[in-house]
Amino acid sequence: MADQDQASEAQLEGQLAEGEDVALWTGLREAAVEAMRRAYAPYSHYPVGAAALVDDGRVVTGCNVENAGYGVTLCAECGLVSQLVVTGGGRLTHFVCVNADGAVIMPCGRCRQLLFEHGGRRLRVWTVSGLKGMDAVLPDAFGPEDLDEVVH
Ligand code: THU
């Protein structure tokens, strides 16, 4: 096992809340590393891979895809959400993203919003400071329910 893998697993085990499944999380991180290896990141040289479990047992993944028009870059999470929808939809239940070292990184702000739409407050996220609910990763998030609040 590579040093980074051991470090991540040790980090994970130290942060596991009761009832969390280590094998599930290590498998998900491996899927994210596989996806990261396919990233197209010729401008930033910062490949990212993302993986998530869906409520029907599917695993969906994505990698970042950059563009000469830098602002057009697609984050790894964009590909993951696209794969979720095109393979049948469903709710994301567990999510992790990694950098070129296989180390866990935080989803960027925009991607937290993307993830919230498809996983909601209860989506479990492997963060740089342990496993958390999406309610902690994007507190007081704006979501689909807010659109129903306004009386027309
Ligand atoms: N990136 C992602 O793919 N996801 C994130 O959540 C953070 C940033 C990518 C975008 C860009 O290709 C590279 O990382 C450097 O910002």
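Figured I'd write up the structure that's included with this text.

Here is what the cut-offs are and how they apply
Residues numbered from 1 in each chain as written. Predicted model: local features only at pLDDT ≥ 70, side-chain atom pairs only at ≥ 80, totals over all residues. Heavy atoms only, no water. Salt bridge = Lys/Arg side-chain N within 4 Å of Asp/Glu carboxyl O. Helix = DSSP H or I, 4+ residues; strand = E, 2+ residues; numbered from the N terminus. Buried < 20%, exposed > 50% of the residue type's maximum accessible area, 1.4 Å probe, protein only. Pairing = 2+ DSSP bridges. Near = heavy atom within 4 Å. Polar contact = N/O pair within 3.5 Å; in protein donor to acceptor, adjacent residues only side chain to side chain. Areas by Shrake-Rupley, 256 points an atom, 1.4 Å probe, with all protein chains shown as cover. Nonpolar A, V, L, I, M, F, W, Y, C, P; charged D, E, K, R; others polar. Contact = heavy atoms within 4.5 Å. Core = buried A, V, L, I, M, F, W, Y, C linked by side-chain atoms within 4.5 Å.

### Focus on the pattern of salt bridges
Pairing between side chains of opposite charge can happen when the charged atoms of each approach one another. Under the criterion given, the structure shown has three salt bridges. R124 is paired through a salt bridge with E20; the nearest N and O atoms lie 2.4 Å apart. Of this pair, R124 sits in strand β5 (residues 124–127) while E20 sits in the loop between α1 (3–15) and α2 (22–36), placing them 104 residues apart in sequence. For R124, a relative accessible area of 22% translates into the label partly exposed. For E20, a relative accessible area of 17% corresponds to the buried category. For D56, the salt bridge is made with R58, and the minimal N-O distance between the two is 2.8 Å.

### So, the pairing of strand β6 (residues 130–133)
Two elements, β5 and β6, share four bridges in a ladder whose sense is antiparallel. By the bridge assignment, V125 is partnered in β6 with K132. Between β5 and β6, which follow one another and run antiparallel, lie two residues.

### Details of the site of the ligand
Around the ligand, the neighbouring residues are S44, Y46, V48, N64, E66, T73, C75, A76, E77, M106, P107 and C108. Within the contact set of the ligand, an oxygen atom lies 2.9 Å away from a side-chain nitrogen or oxygen of N64. Within the contact set of the ligand, an oxygen atom lies 2.8 Å away from a side-chain nitrogen or oxygen of E77. Relative to its free-state accessible area of 380 Å², the ligand is covered by the protein chains to the extent of 78%. For the shell around the ligand, the residue count by class is seven nonpolar, three polar and two charged.

### Thoughts on unusual backbone geometry
Across the chain, the bulk of peptide bonds are trans and the bulk of non-glycine residues have phi less than zero. Of note, H45 is a non-glycine position whose phi angle comes to about 55 degrees, a positive value. Phi angles above zero are rare outside glycine, and D140 is one such case at about 50 degrees. You can call D140 exposed: its relative accessible area is 82%.

### Notes on helix α4 (residues 109–119)
Among the residues of α4, those classed as buried are C111, L115, F116, H118 and G119. Next to the buried residues of α4 lie α3 (76–86), β3 (92–98) and α5 (134–137). At the exit of α4 stands G120, carrying a positive phi of roughly 70 degrees.

### Some words on the nonpolar core
Counting residues in each nonpolar core, the largest one holds 21 residues, and the members touching the most others are V60, L80, L92, F95, L123 and M134. Apart from residues lying up to four places away in sequence, L80 is in contact with A50, A51, A52, V60, T61, G62, L92 and F95. A31, V33, M36 and L53 belong to the second-largest nonpolar core, a separate cluster that totals 13 residues.

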